[in-house]
Amino acid sequence: NAGVTQTPKFQVLKTGQSMTLQCAQDMNHNSMYWYRQDPGMGLRLIYYSASEGTTDKGEVPNGYNVSRLNKREFSLRLESAAPSQTSVYFCASSEAGAQGEQYFGPGTRLTVT
Amino acid sequence: AQTVTQSQPEMSVQEAETVTLSCTYDTSENNYYLFWYKQPPSRQMILVIRQEAYKQQNATENRFSVNFQKAAKSFSLKISDSQLGDTAMYFCAFPASDSNYQLIWGAGTKLIIKP
């Protein structure tokens, strides 16, 4: 099992450009999440999908959109990248929501210049 | 707002020593879970240990154990016989009371194990 995979691992964008981060899990989990991690801070939830067909805003959703393509895949889109979106992005999945273990992907380091 | 506080930004110990990382949190819930996650230099976040608040017994996973003080809202992680591979960022987290899906995360403690 690959667990949670993310692509790309690294990305550099210019201000105003758009991109989509891809995430897939092979554990048949219902719930999937997108986080960002900034220096000196814990993870912050951007969006989550409780189950296939649903998505909800997390703590810091502004500037992002998501799509739960199917049970396996959950993508994060930056429509017009800003320097403030420079961060490391993690995708995660879980079976039991916030009460259970979350399984994380390897992360995407995004730099917006 | 609910918060998680990890008061030690960085710690370092010699290999084989025991180290304790502190975590305090704020919640009005009575039944909840608490988590410690490890993030090594590879960046992959991994669950270390989970504690259920209604259980009196402290959780243990091999060399990792917790000291859970519910009344004090304290959830510290003890690593015994520390190894070089324990070098990582450690994050404490617990579920937000107004969401079944959101975790509240601490800022992390950077632990360095010296040979």
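A brief report on the enclosed structure follows.

1. Re the interface of chain A and chain B
Taken together, the contacts link 28 residues of chain A with 20 residues of chain B. Roughly 2,000 Å² is buried in total at the junction of chain A and chain B, and carbon and sulfur atoms are behind 53% of that figure. Broken down residue by residue, the surface that chain A buries against chain B is led by Ala98(A), Gln99(A) and Phe104(A), which jointly contribute 30%. Between chain A and chain B we count zero salt bridges in total. Counting across the interface, chain A meets chain B through seven residue pairs in polar contact (both at pLDDT 80 or more). Here the element with the most residues in the side of chain A that touches chain B is strand S4 (residues 31-37) of chain A; it accounts for four residues. Of the residues contributing to the side of chain A that touches chain B, the split by class is 13 nonpolar, 11 polar and four charged.

2. Section: the packing of aromatic side chains
Within the structure shown, the criterion is met by 15 aromatic pairs over all chains. Ring centres of Phe91(B) and Trp105(B) lie 6.4 Å apart, and the angle between their planes is 80°; this geometry places the pair in the edge-to-face category. In this pair, Phe91(B) is assigned in strand S10 (residues 88-95) and Trp105(B) in strand S11 (residues 103-105), connecting sequence segments 14 residues apart. You can call Trp105(B) buried: its relative accessible area is 9%. Taken together, the ring pairs connect Tyr33(A), Tyr35(A), Phe90(A), Phe104(A), Phe35(B), Tyr37(B), Phe91(B) and Trp105(B) into an aromatic cluster.

The rules behind these values
Residues numbered from 1 in each chain as written. Chains lettered and ligands numbered in written order. Predicted model: local features only at pLDDT ≥ 70, side-chain atom pairs only at ≥ 80, totals over all residues. Heavy atoms only, no water. Contact = heavy atoms within 4.5 Å. Buried area = accessible area lost by both parts, 1.4 Å probe. Salt bridge = Lys/Arg side-chain N within 4 Å of Asp/Glu carboxyl O. Polar contact = N/O pair within 3.5 Å; in protein donor to acceptor, adjacent residues only side chain to side chain. Helix = DSSP H or I, 4+ residues; strand = E, 2+ residues; numbered from the N terminus. Nonpolar A, V, L, I, M, F, W, Y, C, P; charged D, E, K, R; others polar. Phe/Tyr/Trp six-rings, centres within 6.5 Å; stacked < 30°, edge-to-face > 60°. Buried < 20%, exposed > 50% of the residue type's maximum accessible area, 1.4 Å probe, protein only.

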